[in-house]
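Spelled out, the chains give:
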Amino acid sequence: GYVMKLLFIGSLINDKTIDKIVKESKIKPSNAPVYFENMLIKGLEEAGLETTVVSVPTVSTYPRGRIPFWGRRKETLNFGKEVIWIPCINLLGVKQFCVTVGSYIEVYRWAKKNKRVSDKVIMTYSVYPPYTKAVQVMGKFLGIKTCCMVTDLPEYLYVMSGNGSGLRSILNKQYSKKMKRIQSDYDLYIFLTEHMAERMHVELKPAMLMEGFADESTFARIGDVPKCDKKTVMYAGRLSEDFNIRALLDGFMMIEGDYRLWLFGSGDMVDYIRICEK
């Protein structure tokens, strides 16, 4: 039968691996992309696509993250899918170079293997410059359509991940500029809201909206849950001033009535949250 082939490049790794990385890292990486990509690939596979998954794990650069380097290795996800890690020397600046070179190699490898397949697409999770440029260049060169899954506006991503000082801050600012330059060079887009296309200046490119999803099997595992006696709002993610958490807290405390706000995550707003809690 007819099968469409997809090469997906993101940060998807096994659940146990991400838990270990989070435990061992001084600066905790966000595991939200891993769960999101997990559901995305699982859904695409269930829909009949044949996916090849290549990954750049979200490990902070050494010594903030404990892993100084890793080779090209394969591991299996919980639902049986194989993931290929791009080999890396995990040092600031060097890591990005490794990812770029590795992406060129993996795209070439996959394209060569599937050269007789006419319907194929390369998809990336977000506009991460080290693999985005490789994907865009190879896509044009080999005549393969490229697609970007946009969960956050590129213009904010590196501004939000700590302004700090020194080399990291310089790299973040450069990344932000670079992302804005290259964000419109994909052929296809998947957005979470319709306004993203305007902000990224790609209104005329073919795109689809995917407002959210959930993995049904999760609910089967949970079983029946008693309802909270109080109306509860839950936020999970980075608890940072850049994410407007202060406004959320201040606004929430102005509400009349008996409501609860649950916050999960870490970030520079934790101390303020503790004050508000009192």
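Note: the structure precedes this text.
Not measured: the values here are computed from a predicted model.

Colleague: Looking at this structure, how should I read the overall build of the chain?
Modeller: Helices and strands together make up the secondary structure of the chain, namely 10 helices and 12 strands. Taken over the C-alpha trace, the chain has a radius of gyration of 20 Å; the compact-globule value for 278 residues is 19 Å, and the two agree within 12%. With respect to the three principal axes, the spread of C-alpha positions in the chain is 65 × 50 × 40 Å. Within the chain, contacts between residues separated by at least 24 positions form 67% of all contacts whose residues are at least 6 apart in sequence. As displayed, the chain offers around 16,200 Å² of accessible surface, 57% of which is attributable to carbon and sulfur atoms. For the chain, the centre of its 40 positive side-chain charges and the centre of its 31 negative side-chain charges are spaced 10 Å apart.

Colleague: So what exactly am I meant to see when it comes to the packing of helix α3 (residues 94-113) against helix α4 (residues 129-142) here?
Modeller: Helix-helix packing is characterised by the crossing angle of the two axes and by the distance between the axes. The N-to-C vectors of α3 and α4 enclose an angle of 30 degrees; their axes lie 8 Å apart at closest approach. If you check the angle between α3 and α4, you find them roughly parallel. For α3 against α4, the interelement crossing comes out right-handed. Residues Q96, V99, T100, S103, Y104, V107, Y108 and A111 of α3 form the contact with α4, whose participating residues are P130, Y131, K133, A134, V135, V137, M138 and L142. Here the residues of the contact of α3 with α4 are counted per class, giving 12 nonpolar, 3 polar and 1 charged.

Colleague: Teacher, can you tell me more about the pattern of salt bridges here?
Modeller: A side chain with one charge may pair with a side chain of the opposite charge, provided their charged atoms come close. For the structure shown, the criterion picks out 9 salt bridges. Among the ionic pairs, E45 bridges to K81, the shortest N-O distance being 3.0 Å. Remark: K81 occurs in the loop between β4 (74-76) and β5 (82-85) and E45 occurs in helix α2 (residues 32-46); sequence separation between them is 36 residues. Owing to a relative accessible area of 29%, E45 belongs among the partly exposed residues under this scheme. Between E106 and R72 there is a salt bridge; the shortest N-O distance is 2.7 Å.

Colleague: I would appreciate a short explanation of the sheet that holds β5 in the present structure.
Modeller: By way of backbone hydrogen bonds, the strands of a sheet pair with one another, either parallel or antiparallel. On the basis of which strands lie adjacent, the open sheet formed by 8 strands has the order β4-β5-β2-β1-β7-β8-β9-β10 and mixed pairing. Every interior strand has two partners, whereas the edge strands, β4 and β10 (207-209), have only one. With direction set aside, neighbouring strand axes in the sheet form an average angle of 25 degrees. Across 6 bridges, the pairing between strand β1 (residues 5-10) and strand β2 (residues 50-55) is parallel. Paired with F8 across the two strands is V53, which belongs to β2. Contacts between α3 and the sheet are confined to β1, β2, β5 and β7 (120-125), with β1 contributing the most and set at about 170 degrees to the helix. Packing against the sheet, α4 makes contact with β1, β7 and β8 (145-150), and its axis sits at approximately 165 degrees to β7.

Colleague: For this particular structure, what's the right way to read the pairing of strand β12 (residues 259-264)?
Modeller: In the case of a regular strand, side chains alternate between the two sheet surfaces. Sheet topology note: the strand β11 (residues 231-236)/β12 ladder contains 6 bridges and is parallel. Its bridge partner being in β12, M234 is matched across the sheet by W262.

Colleague: What am I meant to see in the packing of aromatic side chains here?
Modeller: Here a ring pair, both rings aromatic, is described through the centre-centre distance and the interplanar angle of the planes. A complete count under the given rule lists 5 aromatic pairs for this structure. The interplanar angle of 70 degrees and the centroid separation of 5.1 Å between the aromatic rings of Y128 and Y131 together place this pair among those described as edge-to-face. On the basis of relative accessibility, which here comes to 4%, the residue Y131 falls in the buried class. With centroids separated by 5.9 Å and ring planes inclined at 75 degrees, the aromatic side chains of Y186 and Y189 adopt a geometry described as edge-to-face. Residue Y189 is classed as buried on the basis of its relative accessible area, which comes to 2%. In this structure an aromatic cluster arises from ring pairing among Y186, Y189 and F191.

Colleague: Hey, could you run me through the environment of K95 in this one?
Modeller: Here K95 shows up in helix α3. K95 gets classed as buried once you look at its relative accessible area, which sits at 7%. Taking the C-alpha atoms as reference, K95 lies 19 Å from T17; in sequence the two are 78 residues apart. When neighbours within four sequence positions are excluded, K95 is seen to be in contact with V56, P57, V59, T61, C88, I89 and N90.

Procedures and definitions
Residues numbered from 1 in each chain as written. Predicted model: local features only at pLDDT ≥ 70, side-chain atom pairs only at ≥ 80, totals over all residues. Heavy atoms only, no water. Helix = DSSP H or I, 4+ residues; strand = E, 2+ residues; numbered from the N terminus. Rg over C-alpha atoms; globule rule 2.2 N^0.38 Å. Contact = heavy atoms within 4.5 Å. Areas by Shrake-Rupley, 256 points an atom, 1.4 Å probe, with all protein chains shown as cover. Lys, Arg positive; Asp, Glu negative; His and termini not counted. Charge placed at Lys NZ, Arg CZ, Asp CG, Glu CD. Axes fitted to C-alpha atoms, helices over the stretch in contact; angles between N-to-C directions. Parallel < 35°, antiparallel > 145°, perpendicular 65-115°, else oblique. Left-handed = near helix turned anticlockwise from the far one by under 90°. Nonpolar A, V, L, I, M, F, W, Y, C, P; charged D, E, K, R; others polar. Salt bridge = Lys/Arg side-chain N within 4 Å of Asp/Glu carboxyl O. Buried < 20%, exposed > 50% of the residue type's maximum accessible area, 1.4 Å probe, protein only. Pairing = 2+ DSSP bridges. Phe/Tyr/Trp six-rings, centres within 6.5 Å; stacked < 30°, edge-to-face > 60°.

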